[in-house]
Amino acid sequence: MIRLIFIAFLAFSACAPVYVPNVRNSPMFTKAGEFQASLQIGNGVEAQSAYAITEHFAVMTNYLYVDQAGFDDEEDFHRNKFFEMGAGYFSNNDESFFEVFVGYGRGKGSSYDTYEFFGSQSAFAEGKYERYFIQPAFGLNKSEVNVSFAPRFSMVDFYKFSNEIASTSIHEEPKFFLEPAIIGRANFANNRMFVVFQAGVSLGMSGGVYFDRRTFQLAGGLGFRLGGQKKLINRL
């Protein structure tokens, strides 16, 4: 128990995260057969895709890659990789929409940072984890501008985690997070391309989180959509 408290303190006082939440994929579909993909830059490089199989059922895939070197020391860095898949339901009534997706992913994070405990110590931490999520979302889905509020609920389970200072590998209970975000998109090129921006936060819902995480997420990028588009009408 004392060792776990010690590890928790180390992780809490660190700056380089072992867990970096990816940005939310809220496709805001309008019709079956629509495919979307985007590339966004924020805490890392993020790729998203989604496909509406039917009028109400859709699937998605998401990938995150972070390779951040420190400014003062080349060893002061964090590196993260994460991939997930999901499926869900959506409903669209021309001006507003509702959707809910569930999914599963696996990731790996590592960081080398300075920990403040009995003086300043540098240490390497790494872990591998699984994440399950449920993500409802609702908002406005107009022809030129889309806005979505997506309060994602995530369960993060590090099945491997170790820290040089503690010299041990632990497997604690999964930790739960509320990760809401606001996503905005501006459509152009006859609604076949869009600029996307989002801001989100990761809020702990469990006690004793022993790994450091990225609390805030900001990202922006470009995307495109193919097929499935409803006949455009003036909805603004």
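All values reported here derive from a predicted model rather than from experimental measurement. (Residues numbered from 1 in each chain as written. Predicted model: local features only at pLDDT ≥ 70, side-chain atom pairs only at ≥ 80, totals over all residues. Heavy atoms only, no water.)

Caption draft 1: View of the overall build of the protein. Each helix and strand counted, the protein has 1 helix and 12 strands in total. Counting from the amino terminus, helix and strand elements in the protein follow one another as α-β-β-β-β-β-β-β-β-β-β-β-β. In the protein, which comprises 236 residues, the proportion classed as buried is 47%. Contacts spanning at least 24 positions in sequence make up 64% of the contacts within the protein whose residues lie at least 6 apart. Of the roughly 11,300 Å² of accessible surface on the protein, 63% is carried by carbon and sulfur atoms. (Helix = DSSP H or I, 4+ residues; strand = E, 2+ residues; numbered from the N terminus. Buried < 20%, exposed > 50% of the residue type's maximum accessible area, 1.4 Å probe, protein only. Contact = heavy atoms within 4.5 Å. Areas by Shrake-Rupley, 256 points an atom, 1.4 Å probe, with all protein chains shown as cover.)

Caption draft 2: Broad picture of the nonpolar core. Tyr19, Tyr129, Val156, Phe158, Phe161, Phe177 and Phe211 are the most contacted members of the largest nonpolar core, which totals 15 residues. In terms of residue count, strand 7 (residues 145-163) provides more of this core than any other element does, 3 residues in total. (Core = buried A, V, L, I, M, F, W, Y, C linked by side-chain atoms within 4.5 Å.)

Caption draft 3: Spotlight on a positive patch on the surface. On the surface, Lys81, Lys108, Lys128 and Lys160 cluster together into a positively charged patch. Considering the arrangement of structural elements, one finds lysine 128 in strand 6 (residues 120-141). (Patch = residues over 30% accessible without salt bridge, like charges linked within 9 Å, V, L, I, M, F, W, Y side chains within 5 Å. Salt bridge = Lys/Arg side-chain N within 4 Å of Asp/Glu carboxyl O. Lys, Arg positive; Asp, Glu negative; His and termini not counted. Charge placed at Lys NZ, Arg CZ, Asp CG, Glu CD.)

Caption draft 4: Main features of the pattern of salt bridges. Taken as a whole and assessed by the stated rule, the structure comprises 5 salt bridges. With its nearest N and O atoms 2.8 Å apart, the salt bridge here joins arginine 131 to glutamate 84. Residue arginine 131 is located in strand 6, and its partner glutamate 84 is located in strand 4 (residues 77-92); the two are separated by 47 residues in the primary sequence. With a shortest N-O distance of 3.0 Å, arginine 106 and glutamate 130 are connected by a salt bridge. With arginine 106 in strand 5 (residues 96-116) and glutamate 130 in strand 6, this pair connects stretches of sequence that are 24 residues apart.

Caption draft 5: Structural context of the packing of aromatic side chains. Evaluation of the coordinates by the stated rule reveals 12 aromatic pairs. Three or more aromatic residues joined by ring pairs make a cluster, and in this case those are Tyr19, Phe82, Tyr129, Phe158, Phe161, Phe177 and Phe211. The ring of phenylalanine 194 carries arginine 185 above its face, with NZ or CZ at 4.7 Å from the centroid. (Phe/Tyr/Trp six-rings, centres within 6.5 Å; stacked < 30°, edge-to-face > 60°. Lys NZ or Arg CZ within 6 Å of the ring centre and 35° of its normal.)

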